[in-house]
Amino acid sequence: MGHCGGVVLAVVMLLCIFINFDNISASQHTNESGPKKWCVANPKAVLRNLKDAFDWTCSRNGGGVDCGPLEPDQPCYRPYFLLDHASYAFNIYWQKNKHKQGVHCDGVAQITETDPNESGPKKWCVANPKAVLRNLKDAFDWTCSRNGGGVDCGPLEPDQPCYRPYFLLDHASYAFNIYWQKNKHKQGVHCDGVAQITETDPIPLKSRITPEILQIAQAFKA
């Protein structure tokens, strides 16, 4: 009887050790040192790949993230901003699962130390309508070039959803804003000259909702 009691006591002690180890590990994960990080959508990602990753993250059999707040008439719904929707879903999934083996924030997503929900009015970097046309075109070309700004301007190509052949201002605004949003905290990156800062969302205005934009929005819902 005494031998059995000793075995039981040893097992209980081992279980306590394992439980304490798990608690210590969880505590270490919870109290990580270093700057806070977020996982957001990569603006250079291929649009279709980004959409597929977003759909998986929100699916019940995939990432399992509750994307209800992104539905129409819900507080986080932004119909023409896949990057914002994807960032919302990616970050929730990553924050919950980042300590699991095989979970990374790369490819269609990227790590940032800048709070995507930072306070203050939202700002965009758009083309300056008073800019000299040649200077605007040169800046646009640089922003889209691989050896320049590196922005993926594929959606602006002919037969692509954001193509507007007679609207350089729109094309330049698309490229400038993606570049600025990604690099605005780096030294030497400004939005001036051929570009300008605005606190007015350049997309939701009725005059800006073109058939091309509606077409891409419908594709996202498909």
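One can find the structure itself at the top, above this paragraph.
Summarised in this report is the structure supplied together with it. (Residues numbered from 1 in each chain as written. Predicted model: local features only at pLDDT ≥ 70, side-chain atom pairs only at ≥ 80, totals over all residues. Heavy atoms only, no water.)

## Some remarks on the packing of aromatic side chains
Consideration 1: Applying the stated criterion across every chain yields a total of two aromatic pairs.
Consideration 2: Ring geometry for Trp56 and Tyr93: centres 5.5 Å apart, planes at 80°, overall edge-to-face. Taken together, the residues span a long stretch of sequence, with Trp56 in helix α2 (residues 47-58) and Tyr93 in helix α3 (residues 82-97) at a distance of 37 residues.
Consideration 3: Aromatic side chains Trp142 and Tyr179 sit 5.5 Å apart centroid to centroid with 80° between the ring planes, which places their arrangement in the edge-to-face category. Residue Trp142 is located in helix α4 (residues 133-144), and its partner Tyr179 is located in helix α5 (residues 168-183); the two are separated by 37 residues in the primary sequence.
Consideration 4: Classification of Tyr179 by relative accessible area gives partly exposed; the value is 21%. (Phe/Tyr/Trp six-rings, centres within 6.5 Å; stacked < 30°, edge-to-face > 60°. Helix = DSSP H or I, 4+ residues; strand = E, 2+ residues; numbered from the N terminus. Buried < 20%, exposed > 50% of the residue type's maximum accessible area, 1.4 Å probe, protein only.)

## Comments concerning α2
Consideration 1: Helix length check: α2, at twelve residues, gives a terminal C-alpha distance of 17 Å against a target of 16 Å (1.5 Å per residue), a fit within 8%.
Consideration 2: Considered for burial, the residues of α2 that qualify are Leu50, Lys51, Phe54 and Thr57. Down the axis of α2, the sector holding all buried residues measures 125°, keeping them to one side. (Expected span 1.5 Å × (residues − 1). Arc of directions from axis to C-beta.)

## Overview of the packing of α4 against α5
Any two packed helices are characterised by the angle at which their axes cross and by the distance between the axes.
Consideration 1: Two numbers describe how α4 lies on α5: the axes approach to 9 Å, and their chain directions differ by 45°. Considering the angle they form, α4 stands oblique to α5. The way α4 lies across α5 gives a crossing that is left-handed. Only Leu168, Leu169, His171, Ala172, Ala175, Phe176 and Tyr179 of α5 make contact with α4, whose side of the interface consists of Leu133, Leu136, Lys137, Ala139, Phe140, Trp142, Thr143 and Cys144.
Consideration 2: Here the residues of the contact of α4 with α5 are counted per class, giving twelve nonpolar, two polar and one charged. (Axes fitted to C-alpha atoms, helices over the stretch in contact; angles between N-to-C directions. Parallel < 35°, antiparallel > 145°, perpendicular 65-115°, else oblique. Left-handed = near helix turned anticlockwise from the far one by under 90°. Contact = heavy atoms within 4.5 Å. Nonpolar A, V, L, I, M, F, W, Y, C, P; charged D, E, K, R; others polar.)

## Side note on the side chain of His171
Consideration 1: With respect to the helices and strands, the residue His171 is situated in helix α5.
Consideration 2: Classification of His171 as buried rests on a relative accessible area of 9%.
Consideration 3: Ignoring any residue separated from it by four or fewer positions in sequence, one finds His171 in contact with Phe140, Leu156, Cys162, Tyr163 and Arg164.

## Looking at the state of the cysteines
Consideration 1: By the definition in use, this model includes four disulfides.
Consideration 2: Put simply, Cys58 and Cys67 are joined by a disulfide, and their sulfur atoms are 2.0 Å apart. Handedness of the Cys58-Cys67 disulfide follows from its S-S torsion of about -75°: it is left-handed.
Consideration 3: The class of Cys58 is partly exposed, set by a relative accessible area of 23%. (Disulfide = S-S within 2.5 Å.)

## So, the environment of Cys76
Consideration 1: Structurally, Cys76 is set in the loop between α2 and α3.
Consideration 2: Looking at Cys76, the relative accessible area reads 33%, which means it is partly exposed.
Consideration 3: Separated by twelve residues in the primary sequence, Cys76 and Tyr88 have C-alpha atoms spaced 8.9 Å apart.
Consideration 4: With residues up to four places along the chain from it excluded, the contact list for Cys76 reads Pro69, Leu70, His85 and Tyr88.

## A short note on the pattern of salt bridges
Consideration 1: Counted under the stated rule, the structure contains four salt bridges.
Consideration 2: Between Lys137 and Asp141 there is a salt bridge, and its shortest N-O distance comes to 2.8 Å. Residue Lys137 and its partner Asp141 are located together in helix α4, separated by four residues, close to a single helical turn. (Salt bridge = Lys/Arg side-chain N within 4 Å of Asp/Glu carboxyl O.)

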